Amino acid sequence: MNKYLESVLAGVKEKYAYQKEFVQTVEEVLTSLEPVINAHPEYEQADLLNRMVEPERMFTFRVNWCDDNGKWHTNRGWRCQFNGAIGPYKGGLRFQKNVYEGIIKFLGFEQTFKNSLTGLPIGGAKGGSDFDPAGKSDAEVMRFCQSFMTALYRYIGPDIDVPAGDMGVGGREIGYLFGQYRRLKGTFENGVLTGKGMSYGGSLIRPEATGYGAVYYLQEVLKHENDDIKGKRIAISGYGNVGWGIMKKAMQLGAKVTYFAGPDGYIHDPDGVNTEEKLNYILEMREKDPMHCKPYADKYGVEFVPGEKCWGVKDVDIYMPAAVQNDVTMKEAEKIAASGVKYYIEVANMPTTNDALNFLRSKGDIIVAPSKAVNAGGVGVSALEMSQNSERLSWTAEEVDEKLHSMMKNIHANSAAAAEKYGLGYDLVAGANIAGFEKVADAMMAQGIF
Ligand code: GLU
């Protein structure tokens, strides 16, 4: 490996050994940048890579909140403003029990390249808390969000840093966070957060954007292979906001999600999630209890396999992991390779461990697409929400959807072109890393060293 790359990676591994998800994503990205670094000796001179793997700013804060029984709790909150070279910091907030610095930094690093790929002027950031929203009442969530924003508000703003949702943070949480920001600032700056409700500056298509974008990207891959989405059967993990968007767009385009998995096991519906009624039921089921998808099988009389994931099933054409990081390890990757499926399209942030990803990439007969490109439509429409807020206008659903569609086409085309430029063939993983990197690198080099 290039000596400079090797030394940067070794430094990250040594300094941040305990942040294993962060080390994982840095290794994944850096190893695919080798041809670019070889072609640009000036990057080493300017120590560009060591600057890129270190967040510009990151802070931790205490969040206290009172439960419905009058008992007080203390959680930790973070915001990592990873890279602001191409635009205001932008990225979601994750509220989940297992959140710590390693997860926030992995997401912030990924976000930097993902946001660059959208072609829009947004830097990379991420934040969150180890607060566990499961089983909390609305009032508890409200008090938590108010306290969280009280600690965060002075460090964000429409031109500074624009948080949004991620796991555990949806429309309800964004509403409470925005309300507290407005109360503290005394100004109506709705561009400070995205994923807002429609009554106070949200964008049409934002809830669907990640899933729709993933399917638009998939269409480009299929087109490249002279294949068509019509009639395709898709297996996904997760049936959250993103999974739901995939199901909906797949249905509109004549494909169908025939398998989906939740924390309790997986569903096999041979007809697919093919009606509005089924889609609405999934929303309802998730709202009642996000840990169990079995009720779907009971309601529609289809198969439910408890405690298992759907990787390895043979009667599908496409796999789309859309649940959580490191969902697919070597064990699952081997099953996927043996299943004969041709398309492995990552959707969740870093759903595949590095060894599993490299294994799947090394199989010549599976096309692997990386999440930082495939799921970029979510943050892409967030950036469109920011544009609408700046204009004080709102665009029609058709307008947003059309922009999302062309954004996803460009991301696919630019990734493929970047890989091609360095003689890597149709390598969408390396291509996305290179295309995302090049724009940020160029902006950092132009702005001087700091
Ligand atoms: N959390 C989402 C992501 O991983 C969306 C971030 C945003 O909209 O700012 O890209």
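This text goes with the structure placed above it.
This is a predicted model, so every value here is computed, not measured.

## As for the overall build of the protein
Counting its regular elements, the protein contains 18 helices and 12 strands. For 450 residues, the compact-globule formula gives about 22 Å, and the C-alpha radius of gyration of the protein, at 21 Å, lands near that figure. The principal-axis extent of the C-alpha atoms belonging to the protein is close to 60 × 50 × 45 Å. Intrachain contacts of the protein at a sequence separation of at least 6 include 72% that bridge at least 24 residues. Here the protein displays about 17,600 Å² of accessible surface, and carbon together with sulfur accounts for 50% of that area. Within the protein, the 58 negative side-chain charges are centred at a point lying 3 Å from the centre of the 50 positive side-chain charges.

## Describing the pattern of salt bridges
Under the criterion given, the structure shown has 27 salt bridges. Between Asp-327 and Lys-309 there is a salt bridge, with the nearest N and O atoms lying 3.2 Å from each other. With Asp-327 in the loop between strand E10 (318-321) and helix H13 (330-339) and Lys-309 in the loop between strand E9 (303-306) and E10, this pair connects stretches of sequence that are 18 residues apart. In this structure, Lys-309 engages Glu-332 in a salt bridge whose closest nitrogen and oxygen atoms are separated by 3.9 Å. Taken together, the residues span a long stretch of sequence, with Lys-309 in the loop between E9 and E10 and Glu-332 in helix H13 at a distance of 23 residues.

## A short note on the environment of Tyr-300
Mapped onto the fold, Tyr-300 is located in helix H12 (residues 294-300). The sequence separation of Tyr-300 and Glu-284 amounts to 16 residues, and the corresponding C-alpha distance is 14 Å. In this view, Tyr-300 contacts Glu-277, Lys-278 and Tyr-281; residues no more than four positions away in its chain are not counted. A distance of 3.1 Å separates a polar atom in the side chain of Tyr-300 from a polar atom in the side chain of Glu-277.

## Thoughts on the environment of Val-221
Turning to its location among the elements, Val-221 is positioned in helix H9 (residues 206-224). Taking the C-alpha atoms as reference points, Val-221 and Leu-428, 207 residues apart in sequence, are found 9.4 Å from one another. When residues no more than four places from it in sequence are discounted, the contact partners of Val-221 are Tyr-343, Ile-367, His-412, Tyr-426 and Leu-428.

## Looking at the nonpolar core
Formed by 97 residues in total, the largest nonpolar core has its most connected members in Phe-260, Met-320 and Phe-437. Look past the residues within four positions of Phe-260 in its chain and what remains in contact with it is Ile-236, Gly-238, Tyr-239, Met-247, Tyr-266, Ile-267, Val-273, Ile-282, Cys-293 and Tyr-296. Listed in part, the 24 residues of the second largest apolar core include Val-63, Leu-152, Ile-156 and Tyr-176.

## Some remarks on the sheet that holds strand E6 (residues 233-237)
Spatially, E9-E8-E7-E6-E10-E11-E12 is the arrangement adopted by the seven strands of the open sheet, whose pairing is mixed. Of all the strands in the sheet, just E9 and strand E12 (367-369) have a single pairing partner and so form its edges. Between one strand axis and the next, the sheet turns by 15° as a mean value, whatever way the strands run. As paired elements, strand E8 (residues 265-268) and E9 share four bridges and run antiparallel to each other. Looking at E9, one finds that Tyr-266 is bridged to Val-305.

## A short note on empty space enclosed by the protein
The tally for this structure, following the rule as stated, stands at one cavity of 30 Å³ or more. When its volume is computed, the largest cavity comes out at roughly 80 Å³. Along its surface, the largest cavity is lined by Thr-25, Glu-28, Glu-110, Glu-346, Met-350, Thr-352, Asn-354, Leu-357, Pro-370, Ser-371, Lys-372 and Val-429. Within the lining of the largest cavity, the residues separate by chemical class into four nonpolar, four polar and four charged.

## A short note on the pairing of strand E3 (residues 89-95)
Burial analysis of E3 places seven of its seven residues in the buried class, which makes it a mostly covered element. In this structure, E3 lies alongside strand E4 (residues 123-129), joined through five bridges in parallel fashion. By the bridge assignment, Arg-94 is partnered in E4 with Gly-128. One crossover worth recording links E3 to the parallel E4 by way of helix H6 (residues 101-117), and it is right-handed. Sheet topology places E3 next to strand E5 (residues 161-164); four bridges connect them, and they run parallel. Looking at E5, one finds that Tyr-89 is bridged to Asp-161.

## Brief notes about unusual backbone geometry
The phi dihedral of Met-350 falls on the positive side, at around 45°, and the residue is not glycine. Tracing the backbone through its elements, the reader meets Met-350 in the loop between strand E11 (343-345) and helix H14 (354-362). Look at Arg-392: it is not a glycine, yet its phi comes out positive at around 55°.

## As for helix H8 (residues 171-185)
Under the 1.5 Å per step criterion, the end-to-end length of H8 is 21 Å for 15 residues, consistent within 8% with the ideal 21 Å. Among the residues of H8, those classed as buried are Glu-173, Ile-174, Tyr-176, Leu-177, Phe-178, Gln-180 and Tyr-181. Buried residues along H8 sit in contact with E3, helix H7 (138-152) and E5. Note on H8: the residue one or two positions beyond its end, Gly-186, has a positive phi of about 70°.

Conventions and cut-offs
- Residues numbered from 1 in each chain as written.
- Predicted model: local features only at pLDDT ≥ 70, side-chain atom pairs only at ≥ 80, totals over all residues.
- Heavy atoms only, no water.
- Helix = DSSP H or I, 4+ residues; strand = E, 2+ residues; numbered from the N terminus.
- Rg over C-alpha atoms; globule rule 2.2 N^0.38 Å.
- Contact = heavy atoms within 4.5 Å.
- Areas by Shrake-Rupley, 256 points an atom, 1.4 Å probe, with all protein chains shown as cover.
- Lys, Arg positive; Asp, Glu negative; His and termini not counted.
- Charge placed at Lys NZ, Arg CZ, Asp CG, Glu CD.
- Salt bridge = Lys/Arg side-chain N within 4 Å of Asp/Glu carboxyl O.
- Polar contact = N/O pair within 3.5 Å; in protein donor to acceptor, adjacent residues only side chain to side chain.
- Core = buried A, V, L, I, M, F, W, Y, C linked by side-chain atoms within 4.5 Å.
- Buried < 20%, exposed > 50% of the residue type's maximum accessible area, 1.4 Å probe, protein only.
- Pairing = 2+ DSSP bridges.
- Axes fitted to C-alpha atoms, helices over the stretch in contact; angles between N-to-C directions.
- 1 Å grid on protein atoms, 1.4 Å probe; cavity = no way out; pocket = protein on both sides within 12 Å on 5 of 7 lines; lining within 4 Å.
- Points joined across faces, edges and corners; volume = space filled by probe spheres on them.
- Nonpolar A, V, L, I, M, F, W, Y, C, P; charged D, E, K, R; others polar.
- Right-handed = clockwise from strand over helix to strand, strands pointing away.
- Expected span 1.5 Å × (residues − 1).

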